[in-house]
Amino acid sequence: CFYYRVPEEYLKLYESTTSKKSLLIGQEAIIDLKTFNLDGGSKKSIRNACNKSQESGFIPRIHFPPVKEGVLQKIKAVSAEWLEENEFREIVFSQGIFDLNELKNNVVITIENHEEKVVAFLNLIPDYAYGEITFDLVRKSKDAPGGIIDFLIVETIKYAKSRGHRYFNMGFAPMSGIDKGRDFPEKSIKFAYEKIRSFSTYKGLRDFKDKYGPDWRNRYIIYDHHYDLFNIPSILSKVVKP
């Protein structure tokens, strides 16, 4: 068996008691809500995006569970446009899938225009860490203006603060965070992340989250032997649902 996205602070426990091996597979972006602000030059693009969105009349709305059917249908339309525009299909892996029954029971945050058309949304889900909140899906419509996702994220951070949360988990950035690589598997991941074009999306994801100045925390796969790495993709594929 193996363990996925294990925090770095647990490595010694696994390695000392079970003699398992570890592989750095990426990082999670954690924002400290007590210290987060939009001051400084590094946050200028986020400030501009929020100001432009507000000046254009876009409004954030919080929808508490059970989310109304009308809202669910609006975000379903946004999700369909997002999938079509990006040529994606629904899968579930370490993140979620668009499921109306699940979303109905989540807090959903939308960005809407003056006609109450939803142009972007995300849904909040419970996190395993005390005092921490995170989101699952984040999607926008084809006609959503640039910067609307930044506006959505900032409004979500404001909501998290208002509810007394201490941390906001912006999610996983696969394959990032490897400096030199401790062994051949990590060096291979580092090479793929930096040199292979098909992995450039992961770098873009990391760059987007890095604008917010998060604390990057390493996450690992824990396994028994190096040859187990050949089996991990097939095992993970069993939890992927078209």
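Small disclaimer: the values here were computed from a predicted structure and weren't measured. (Residues numbered from 1 in each chain as written. Predicted model: local features only at pLDDT ≥ 70, side-chain atom pairs only at ≥ 80, totals over all residues. Heavy atoms only, no water.)

1. Quick word on the sheet that holds strand β5 (residues 118-126)
Spelled out, the test is: Two strands pair if DSSP finds at least two bridges between them. Comment: elements are numbered from the N terminus, with helices defined as DSSP H or I runs of at least four residues and strands as E runs of at least two. Simply put, an axis is a line fit to the C-alpha atoms, just over the touching stretch for a helix, and the angle between two N-to-C directions goes from 0 to 180 degrees.
Across the sheet, which stays open at both edges, the eight strands sit in the order β1-β8-β2-β7-β6-β5-β4-β3 with mixed pairing between neighbours. What marks the edges here is a single partner per strand, and that holds for β1 (3-7) and β3 (59-63). Averaged over all pairs of adjacent strands, the angle between their axes in this sheet comes to 30 degrees, without regard to strand direction. Alignment of strand β2 (residues 21-32) against strand β7 (residues 167-174), held across seven bridges, turns out to be antiparallel. Bridge pairing in β7 places I30 opposite N169.

2. Some words on the side chain of S176
Cut-off, in case you're wondering: Polar contacts here mean pairs of N or O atoms no more than 3.5 Å apart (in protein, one a potential hydrogen donor and the other a potential acceptor; neighbouring residues in sequence count only if both atoms are side-chain atoms). By definition, residues are in contact when any of their heavy atoms lie within 4.5 Å.
Among the secondary structure elements, S176 is positioned in the loop between β7 and α6 (184-195). Within polar-contact distance, the side chain of S176 engages the backbone oxygen of A173 at 3.0 Å. Leave out the neighbours within four places in its chain, and S176 touches G26, Q27, Y193 and R206.

3. Examining the packing of helix α2 (residues 44-55) against helix α5 (residues 148-162)
This is how the line gets drawn: Reported orientations rely on four angle classes, namely roughly parallel under 35 degrees, roughly antiparallel over 145, roughly perpendicular from 65 to 115, and oblique for the rest. Each residue receives one of three labels: charged for Asp, Glu, Lys and Arg, nonpolar for Ala, Val, Leu, Ile, Met, Phe, Trp, Tyr, Cys and Pro, and polar for the others, Gly being one of them.
Taken N-terminus to C-terminus, the directions of α2 and α5 make an angle of 95 degrees; their axes are 8 Å apart at the nearest point. Taken together, α2 and α5 sit at an angle that is classed as roughly perpendicular. Between α2, through I46, A49, C50, S53 and Q54, and α5, the contact on the second element is made entirely by I148, D150, F151, V154 and E155. Along the lines of polarity and charge, the residues of the contact of α2 with α5 split into six nonpolar, two polar and two charged.

4. Quick word on the nonpolar core
For the record, the criterion: By nonpolar core we mean a set of buried residues, namely Ala, Val, Leu, Ile, Met, Phe, Trp, Tyr and Cys, connected to one another through side-chain atoms within 4.5 Å. Here the term buried applies to any residue with accessible area under 20% of the maximum for its type, exposed to any over 50%, and partly exposed to those in between, with areas from a 1.4 Å probe on protein chains only.
Membership of the largest hydrophobic core comes to 31 residues, with the highest contact counts inside it found for I148, I153, F168 and Y212. Of all the secondary structure elements, the ones that give two or more residues to this core are β2, α2, β4 (107-112), β5, β6 (132-140), α5 and β7. With nine residues, α5 is the largest single contributor of residues to this core. In this view, F168 contacts A29, I30, I31, L33, I133, F135, I153, T156 and I157; residues no more than four positions away in its chain are not counted. Core analysis: the next-biggest nonpolar cluster, separate from the first, contains 17 residues, L24, I189, Y220 and I222 among them.

This is a description of form; function is not addressed.
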